[in-house]
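# Structural characterization, general
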Amino acid sequence: MKIAASLRLGNDAREVLGRAASLDCTVHLVGGALRDALLGRPTRDVDLVAVKAKPLAKSLARSLDATLVVLDEKHAVFRLVLRPRQKGVHQIDIAELQGSTIEEDLARRDFTINAMALRVPSRPPARVSLRLLIDPRGGLADLRRGLIRAESEEPFIDDPLRLLRALRIAAQLGFSI
């Protein structure tokens, strides 16, 4: 699988990331949104991890005129549903950082290709160097190989439906498990 030397962000995604980063909190782009951007696929959903996720979610909901949905109050996971658009970002998921560092948060994720992060700068450029990618589990190498790989069974014990995600992602991307 060919991965560009830099990450290309669409205008909608850059706007969302710029607003998030301007709110005086540490924000990382993570998960499927980052994976899809690395593959050059359209980014319809933006996944963020932040310290102070709840205030960030409330503030972004106001500034983007989005509907705020609480997905998990205990773990501070929120979804912003944006007004329907033909193209661009449709929803934003914001989760509280799990652990004391982004690396600890990434260690809890299901697949290596979803366990990468990019710290969002206050003014996200159209292209971001892959040297800024935080990839403690080798997700970028697995992305290049077209491989969906888990390093632990723990995420699947916590949520068995993640096994179905592996099949869905493999079918969508043409990857091996």
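Reference entry: report on the structure contained in this document. (Residues numbered from 1 in each chain as written. Predicted model: local features only at pLDDT ≥ 70, side-chain atom pairs only at ≥ 80, totals over all residues. Heavy atoms only, no water.)

### Points about the overall build of the protein
The secondary structure content of the protein amounts to 7 helices and 9 strands. Expected size for 177 residues packed as a compact globule is a radius of gyration near 16 Å; at 15 Å, the protein falls within 12% of this value. Seen along its three principal axes, the alpha-carbon backbone of the protein occupies a region of about 40 × 35 × 30 Å. Taken across its 177 residues, the protein has 47% of its residues classed as buried. For the protein, restricting intrachain contacts to residue pairs at least 6 apart in sequence, the fraction spanning at least 24 positions comes to 63%. (Helix = DSSP H or I, 4+ residues; strand = E, 2+ residues; numbered from the N terminus. Rg over C-alpha atoms; globule rule 2.2 N^0.38 Å. Buried < 20%, exposed > 50% of the residue type's maximum accessible area, 1.4 Å probe, protein only. Contact = heavy atoms within 4.5 Å.)

### So, the environment of Asp135
Position of Asp135 among the secondary structure elements: in the loop between β9 (133-134) and α5 (139-145). Using a relative accessible area of 25% as the deciding quantity, one classes Asp135 as partly exposed. Along the chain, Asp135 and Pro55 lie 80 residues apart, while their C-alpha atoms are 27 Å from each other. Among all residues touching Asp135, those that are not within four sequence positions of it are Ala115, Met116 and Leu140.

### A few points about the pairing of strand β3 (residues 45-50)
A large share of β3 lies buried, amounting to 5 of its 6 residues. Inspection of the sheet shows strand β2 (residues 27-30) paired to β3 by 3 bridges, in the antiparallel sense. When the bridges of β3 are listed, Val27 appears paired with Ala50. Two elements, β3 and strand β6 (residues 91-96), share 6 bridges in a ladder whose sense is parallel. Across the sheet, residue Asp45 finds its bridge partner in β6, namely Gln91. (Pairing = 2+ DSSP bridges.)

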